[in-house]
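Structural overview for review
Each chain, written out:
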Amino acid sequence: MNGDKPKLAMYWAASCGGCEIALANIHEAILEVDAHFDFMFCPCLLDTKKKDIEALPDGAIFLTLFNGALRTEENLEMAKLLRRKSQVLVAFGSCAATGGIPALANHHGIARVLETAFCDAPGIDNPERLIPGTSCQVPDGILQLPAFLNRVQAVHEAVRVDYSMPGCPPEPEQIIAVVRYVASGAPLPPAGSMIGCSDRAVCDECPREKRNKLAKRLIRPFEALPEPDWCLVEQGFSCLGSATRGGCLALCPSANMPCTSCYGPLDRTSDPGATALATLAAAVDPGSTAGMSETALHDRLTVALSGVADPLGTFYRYTLAETVVADRPTEVDQ
């Protein structure tokens, strides 16, 4: 380890690994990281051990990019360890910042999650329905595995987070911009700030034009090919760009894919799902309702909104761990 440069660490908790790929995708700019930092801990890239981190004085690591939600006791232990050893801890990516996709499991209970993963998923051949436990006897002794936490948490729910950098994953251009800013020695933003993103909506960055038309109904992405250059919401697609913080330069809408809100809500105090739902509901033409019975109106609206097959996964895909509905009882007991 180089003692002359500030230490940089990156840790992978409950996530897909895309955040590490995003770091690698800064390409030759990775040399700038090496020039300015002693990149000394990243389990998927470097061979530094946990014991090496434990041996460091508290605060010895200048900057830790912690990606992934907290799903297991090991995730929680590492979050506490890296918080203690780091001067600056960044919740890096959607899973760390707001729970991300792993937090969708909070509404199904631990038992159901394990049954789905090891017994019921397509391609699984497990006739005895064996599910891993937290301990197992092996010839050399008892093998211990980390237990699940009762619920998936965003990192800030367990330890103090200095900054949050959203995205699934954060864009390489945003990553290198943050690295360069820190390396420049400029004063850091106020604690608690969002970094690597914009205060404007994705819609403000989107090149698609609005034609002030209402959609007949909401449609799913596989049902139609979007018309180029026209706002996806006006075409009936469930694009959440109007309720989502920008900074990605509207990459998904530009590639004919609706925004799924991975950069999180514009207003951190609002409910992102409710905001997005209100936007989409206002984009659908209800037609004439004069003289229509309540049942007929219900049926029409059901058809109009049927393009949202999974409301929870659509409107809270990345934020379920910390939103209004987060504490709703699980649908399946643990």
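Overview of the structure. (Residues numbered from 1 in each chain as written. Predicted model: local features only at pLDDT ≥ 70, side-chain atom pairs only at ≥ 80, totals over all residues. Heavy atoms only, no water.)

**Regarding the overall build of the protein**
Along its length, the protein carries 12 helices and nine strands. Rg of the C-alpha trace for the protein: 22 Å, near the compact-globule value of 20 Å for 334 residues, within the 12% margin. Overall, the protein is about 75 × 55 × 35 Å in size when its C-alpha atoms are taken along their principal axes. Put simply, the protein has 334 residues, and 45% of those count as buried. Pairs at least 24 apart in sequence give 71% of the contacts found in the protein among residues at least 6 apart. Per element, the accessible surface of the protein, about 17300 Å² overall, is 56% carbon and sulfur. Taking the average location of the 28 positive side-chain charges in the protein and that of its 40 negative ones, the two points are 2 Å from each other. (Helix = DSSP H or I, 4+ residues; strand = E, 2+ residues; numbered from the N terminus. Rg over C-alpha atoms; globule rule 2.2 N^0.38 Å. Buried < 20%, exposed > 50% of the residue type's maximum accessible area, 1.4 Å probe, protein only. Contact = heavy atoms within 4.5 Å. Areas by Shrake-Rupley, 256 points an atom, 1.4 Å probe, with all protein chains shown as cover. Lys, Arg positive; Asp, Glu negative; His and termini not counted. Charge placed at Lys NZ, Arg CZ, Asp CG, Glu CD.)

**Brief notes about the nonpolar core**
Among the nonpolar cores identified, the biggest contains 35 residues, and V233, L280, F315 and L320 are the most heavily contacted of them. Breaking this core down by element, the ones donating at least two residues are α10 (272-282) and α12 (311-315). (Core = buried A, V, L, I, M, F, W, Y, C linked by side-chain atoms within 4.5 Å.)

**Observations concerning the sheet that holds strand β3 (residues 61-67)**
Spatial strand order, β2-β1-β3-β5-β9: five strands in an open sheet with parallel pairing. Two strands in the sheet have a free side with no partner beyond their single neighbour: β2 (38-41) and β9 (163-165). Going across the sheet, the axis of each strand differs from the next one's by a mean of 25°, ignoring polarity. Relative to β3, strand β1 (residues 7-12) runs parallel, the two being bridged by six bridges. For A9, the partnering residue across the bridge sits in β3 and is T64. The sheet contacts of helix α4 (residues 73-85) involve β1, β2, β3 and β5 (86-92), and relative to β5 the element is tilted by about 140°. (Pairing = 2+ DSSP bridges. Axes fitted to C-alpha atoms, helices over the stretch in contact; angles between N-to-C directions.)

**Regarding a nonpolar patch on the surface**
Nonpolar side chains collect at one region of the surface, where L297, L301 and L305 lie side by side and expose about 210 Å² of accessible area between them. According to the relative accessible area criterion, L297 is partly exposed, its value standing at 31%. (Patch = residues over 30% accessible without salt bridge, like charges linked within 9 Å, V, L, I, M, F, W, Y side chains within 5 Å. Salt bridge = Lys/Arg side-chain N within 4 Å of Asp/Glu carboxyl O.)

**A look at the side chain of S164**
The residue S164 is located in strand β9 in this model. Residues contacting S164, with those up to four places away along its chain left out, are A91, A97, S193, M194, I195 and R268.

**Notes on helix α6 (residues 109-120)**
Taken residue by residue, α6 has G109, I110, L114 and C119 as its buried positions. Buried-residue contacts for α6 involve β4 (70-72) and β8 (148-153).

**Describing the pattern of salt bridges**
What the rule picks out here adds up to 17 salt bridges. Across the pair R112 and E115 runs a salt bridge, and its minimum N-O distance is 3.5 Å. Here R112 pairs with E115, and both are found in helix α6, just three residues apart, close to one helical turn. Here R129 ties to D120 by a salt bridge, and the two come within 3.0 Å at their closest N and O atoms.

**Structural notes on the pairing of β3**
Of all seven residues making up β3, six are buried, and the element is well covered by its neighbours. Of the pairings in the sheet, the one linking β3 to β5 comprises five bridges and is parallel in character. Counted as the bridge partner of I61 is S86 from β5.

**Thoughts on empty space enclosed by the protein**
A full pass over the atoms with the stated rule returns two cavities of 30 Å³ or more. There is about 50 Å³ of room inside the largest cavity. Lining the largest cavity we find L63, L65, F92, M165, I175, V178, V179 and V182. Listed by contribution, the elements that provide at least two residues to the lining of the largest cavity are β3 and α7 (172-183). Along the lines of polarity and charge, the residues of the lining of the largest cavity split into eight nonpolar, no polar and no charged. Taken as a whole, the second largest cavity spans an internal volume of roughly 40 Å³. (1 Å grid on protein atoms, 1.4 Å probe; cavity = no way out; pocket = protein on both sides within 12 Å on 5 of 7 lines; lining within 4 Å. Points joined across faces, edges and corners; volume = space filled by probe spheres on them. Nonpolar A, V, L, I, M, F, W, Y, C, P; charged D, E, K, R; others polar.)

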